[in-house]
Each structure stands twice: as C-alpha cells, then as structure tokens.
Amino acid sequence: MPVEVETRTLEEVEQCLHELASGRAPHVCRVMLDNMTRLDASCPSGIDVTMLHQAVARINGAIETEASGNVVQETVGVGHSAFWDMRDVE
C-alpha cells in the first residue's frame, strides 16, 4: 500500500529522506510539504517560500513531492524555477 508522508519542517524532510535512503520506508511514494510558507510583506508575492524551496532542493527529485499552504503559481515562482512542475502546485 502506497504511503504519503506529511512534513512541516526541514528537519522532518531530512528524517524522511534518511528513512528512505535506509530502505526502512519502501512504501513511501510521496513527501507532502505542508505549510512551508509564511506571510511576509517584504516578499514580492507577500509570501516567503524559502523553506519550501529548500525542501524541494534537498529532496532533489528523489521522491515525488506535493506542496500545500499558500502554494499557488504566483507565490512559488513557477516558471522561474527548475524545481517546480505544475502538476505539483495545488
């Protein structure tokens, strides 16, 4: 049975990647990046997506990802980053 793992911090992403690399999580098919954005009026979109970009960079295609929480094309910079695939943007 496929399992999706929800992460909310970079530390949780690291822990998930460690488990995947060790072979102890063979059923994990997707890492969900939940609420890895925060409101920040100083950012062009009003949303700071730094942690989300760091998580995607760290995962580096090792497993499918899904992002949620203030994640739209305008906030994550789809089209400006090689990390994003429109299928992953809710």
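Just so it is clear, the structure is predicted and the values come from calculations on it, not from any experiment. (Residues numbered from 1 in each chain as written. Predicted model: local features only at pLDDT ≥ 70, side-chain atom pairs only at ≥ 80, totals over all residues. Heavy atoms only, no water.)

**Quick notes on the pattern of salt bridges**
Inspection of the entire model under this criterion finds 8 salt bridges. In this structure, Arg8 and Glu12 form a salt bridge, with 3.0 Å as the shortest nitrogen-oxygen distance. In this structure Glu12 comes out as partly exposed when scored by relative accessible area, which is 22%. Arg58 serves as the salt-bridge partner of Glu14, at 2.6 Å between the closest nitrogen and oxygen. Of this pair, Glu14 sits in helix H1 (residues 10–22) while Arg58 sits in helix H2 (residues 50–59), and the two are 44 residues apart along the sequence. Under the relative-accessibility criterion, Glu14 is labelled partly exposed at 35%. According to the relative accessible area criterion, Arg58 is partly exposed, its value standing at 43%. (Salt bridge = Lys/Arg side-chain N within 4 Å of Asp/Glu carboxyl O. Buried < 20%, exposed > 50% of the residue type's maximum accessible area, 1.4 Å probe, protein only. Helix = DSSP H or I, 4+ residues; strand = E, 2+ residues; numbered from the N terminus.)

**Some remarks on the sheet that holds strand E2 (residues 28–34)**
The sheet built from 3 strands is open, its strands ordered E1-E2-E5 with parallel pairing. Edge strands, defined here as strands with exactly one partner in the open sheet, are strand E1 (3–7) and strand E5 (64–68). Direction aside, the axes of adjacent strands within the sheet are offset by 25 degrees on average. The sheet contact formed by E1 and E2 spans 5 bridges and is parallel. Within E2, the position partnered with Glu4 by the bridge is Arg30. Strands E2 and E5 of the sheet are contacted by H2, whose axis makes an angle of about 160 degrees with E2. (Pairing = 2+ DSSP bridges. Axes fitted to C-alpha atoms, helices over the stretch in contact; angles between N-to-C directions. Contact = heavy atoms within 4.5 Å.)

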